[in-house]
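# What the coordinates show
Chain by chain, the residues run as shown.
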Amino acid sequence: MDKFASLRAFTQVVEFGGFAAAARAMGLSRSAVNKLVINLENDLGVQLLHRSTRRVNPTATGMAFYERCLNILADLEEAEIAVSQLQVEPKGIFRVNAPMSFGTMYLTPILSQFMLNYPALRVQLTLEDRLIDPIAEGYDLVIRIAHPPKSESLIVQNIAPIRRILCASPAYLDTHSIPSHPSELREHSCLHYGYLASGNQWQLMGPDGEHTILIKSLLCSNNGEVLREAAIQGLGITLLPIFMIDFALQKQQLVIILPDYYPPDIDICVIYPAQRHLSIKVRLFSEILQNHLGQLFTKLTPQSC
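Conventions and cut-offs
Within every chain, residues take consecutive numbers counted from 1 along the sequence as written. The predicted nature of this model means local features are confined to residues of pLDDT at least 70 and side-chain atom pairs, given and counted, to a pLDDT of 80 or more, with totals for whole chains, interfaces and linings taken over all residues. Heavy atoms from the whole structure form the basis of all side-chain values; hydrogens and water molecules are not counted. The predictor's confidence in any single residue is recorded as pLDDT, a number from 0 to 100. Think of it this way: any DSSP run of H or I at least four residues long counts as a helix, any run of E at least two long counts as a strand, and we number them from the N terminus. When the centres of two rings from Phe, Tyr and Trp lie within 6.5 Å, Trp using its six-membered ring, the rings pair. Their planes under 30 degrees apart give stacked, over 60 give edge-to-face, and anything left gives tilted. Here the term buried applies to any residue with accessible area under 20% of the maximum for its type, exposed to any over 50%, and partly exposed to those in between, with areas from a 1.4 Å probe on protein chains only. Charge-over-ring contacts are defined here by two conditions on Lys NZ or Arg CZ: a distance within 6 Å of the ring centre and an angle within 35 degrees of the ring normal. By the convention used here, strands pair only if DSSP detects at least 2 bridges between them. Pairs of residues are marked as contacts when any of their non-hydrogen atoms sit within 4.5 Å. For helices, the fitted axis covers only the stretch in contact; all axes are lines through C-alpha atoms, and the angles between them, taken along N-to-C directions, range from 0 to 180 degrees. Read the arc as the range of directions from the helix axis to the C-beta atoms. Under the rule applied, a polar contact is a pair of N or O atoms within 3.5 Å (in protein, one hydrogen donor and one hydrogen acceptor; residues adjacent in sequence only if both atoms are side-chain atoms). Think of a nonpolar core as a cluster: buried Ala, Val, Leu, Ile, Met, Phe, Trp, Tyr and Cys residues, connected wherever their side-chain atoms sit within 4.5 Å.

Our next topic: the confidence of the model for the chain. As a general rule, the predicted coordinates of low-pLDDT regions are not to be interpreted in detail. With 89% of its residues at a pLDDT of 70 or more, the chain has an overall mean of 84. The least confident element of the chain is helix H4 (residues 60–83), whose mean pLDDT is 78; the most confident is strand E13 (residues 255–256), at 95.

In structure tokens form, the structure reads like this:
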């Protein structure tokens, strides 16, 4: 069985909602298209389509398989174009996952320009802060601001280091003692990020070495914007990436505390399945992220705020 011909026939039937329309689009007979799909179902041992006299619809399994097929066929087409040395243009569905705050603050203009440059792409962007396995969840590329995972099945490309800053509002500091050493953080109300590997322990490095502080958590959230706004309202001290608080620092809604102590830098990185290292869309999008974010985040330092 020509597996790729069967995959193409199946995707066409789903897109056109029937065998006759798919056959016309492919330049084949209806029976030929039907045979290709039946052979595919027999080979997989599952039913991919619900067939009726009026319309053909994918089963739940069929729809999941259809989404994967689109990527497979798009990658095959890109590979064929690259091998034949014709003009390469990414096509098909491009699934991207990114952190919520980063996505709303920085990703939209970059992604919009990318889509304008390559109009044959259809992008599915999901914003969430939980840890993502791009292989298990079917993403082409995942953006994360964290210590990258180590896995032979994943490729991690660092874009830029991100400095995190301890800060609080002037109102909070007016009513509480200003800490002069990390050990004093234990006496303060703290607002911490829920997906840190260290939990409610803050690890800081300074002129007198490393410190691990078990904080008193007043608020734990998996969203940095929530923590920033809570800090601005005077609820406590927070530890956030500088790109999330630079504007609040400039407006003096927040001020830096313990400026000589910093946690280890984390990286903004792109993560994608190892088998996609030749994917045109992954490579081009990684390059545009590198060009835009590498320069932007390098300029964001505490002195610039």
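Right, let's talk about the packing of aromatic side chains for a bit. Going through the model one piece at a time under the given rule, you end up with eight aromatic pairs. Taken together, a centroid distance of 6.4 Å and an interplanar angle of 85 degrees make the contact between Phe-102 and Phe-243 edge-to-face. One end of the pair, Phe-102, is in helix H5 (residues 100–117); the other, Phe-243, is in helix H9 (residues 242–250), and 141 residues separate them in sequence. For the pair Phe-102 and Phe-243, a shared accessibility class is recorded, and that class is buried. Here the aromatic cluster, defined as three or more aromatic residues joined through ring pairs, consists of Phe-94, Phe-114, Tyr-118 and Phe-285. Directly above the aromatic system of Tyr-262 lies the positively charged group of Arg-163, at a separation of 4.0 Å from the ring centroid.

Take the sheet that holds strand E7 (residues 164–168) next. Strand pairing in a sheet relies on backbone hydrogen bonds. The paired strands run either parallel or antiparallel. Read across the sheet, five strands follow the order E11-E8-E12-E7-E13 without closing on themselves; strand pairing throughout is mixed. Either end of the sheet is taken by a strand with one partner, and the two such strands are strand E11 (216–221) and E13. Direction of pairing for strand E8 (residues 189–193) relative to E11: parallel, over a ladder of five bridges. By the bridge assignment, His-192 is partnered in E11 with Cys-220. Of the strands in this sheet, E8, E11 and strand E12 (237–241) are in contact with helix H8 (residues 224–232), which crosses E8 at around 160 degrees.

Moving on to helix H2 (residues 19–26). All of the buried residues in H2 are Phe-19, Ala-22 and Ala-23. An end-on view of H2 places all buried positions within 100 degrees of arc, on one side of the element. On the buried face of H2, the contacting elements are helix H1 (3–16), helix H3 (30–44), strand E1 (49–51) and strand E2 (56–58). Two residues or fewer after H2 comes Gly-27, characterised by a positive phi angle close to 70 degrees.

Let's shift gears to the sheet that holds strand E3 (residues 92–98). The mixed open sheet is built from five strands, whose spatial order is E4-E3-E5-E14-E6. Of all the strands in the sheet, the pair left with one neighbour each is strand E4 (121–127) and strand E6 (154–162). Pairs of neighbouring strands in the sheet enclose a mean axial angle of 20 degrees, with direction left out of account. Inspection of the sheet shows E6 paired to strand E14 (residues 266–273) by eight bridges, in the antiparallel sense. Looking at E14, one finds that Val-156 is bridged to Ile-271. With respect to the sheet, H5 is in contact with E3, E4, strand E5 (141–146) and E14, its orientation differing from that of E4 by roughly 175 degrees.

Let's shift gears to the side chain of Ser-286. Within the secondary structure layout, Ser-286 lies in helix H10 (residues 280–299). Accessibility expressed as a relative area gives 3% for Ser-286, which makes it buried. Of the polar contacts made by the side chain of Ser-286, one reaches the backbone oxygen of Val-282; its length is 2.8 Å. Once you skip the residues sitting within four places of it in the chain, Ser-286 turns out to touch Leu-141, Gln-157, Ile-159, Val-270 and Tyr-272.

By the criterion of burial, E5 is predominantly enclosed, with five of the six residues buried. Bridge count between E3 and E5: two bridges; the pairing is parallel. When the bridges of E5 are listed, Asn-97 appears paired with Val-142. Both E5 and E14 contribute to a ladder of five bridges, which runs antiparallel. Following the sheet pairing, Ile-143 is matched in E14 by Val-270.

On to the nonpolar core, then. Of all hydrophobic cores here, the largest spans 44 residues; its most connected members are Phe-102, Leu-141, Ile-143, Ile-268, Phe-285 and Leu-289. Broken down by element, this core gets its largest block of residues, seven residues, from H10. If you look at the next biggest cluster of nonpolar residues, it comprises 20 residues, including Val-13, Val-14, Phe-19 and Ile-93.

Attention now goes to the side chain of Ser-221. With respect to the helices and strands, the residue Ser-221 is situated in strand E11. At 3.1 Å, the side chain of Ser-221 and the backbone nitrogen of Asn-223 are in polar contact. Those residues in contact with Ser-221 that lie beyond four places of it in its chain are His-192, Tyr-193, Gly-194, Val-226 and Leu-227.

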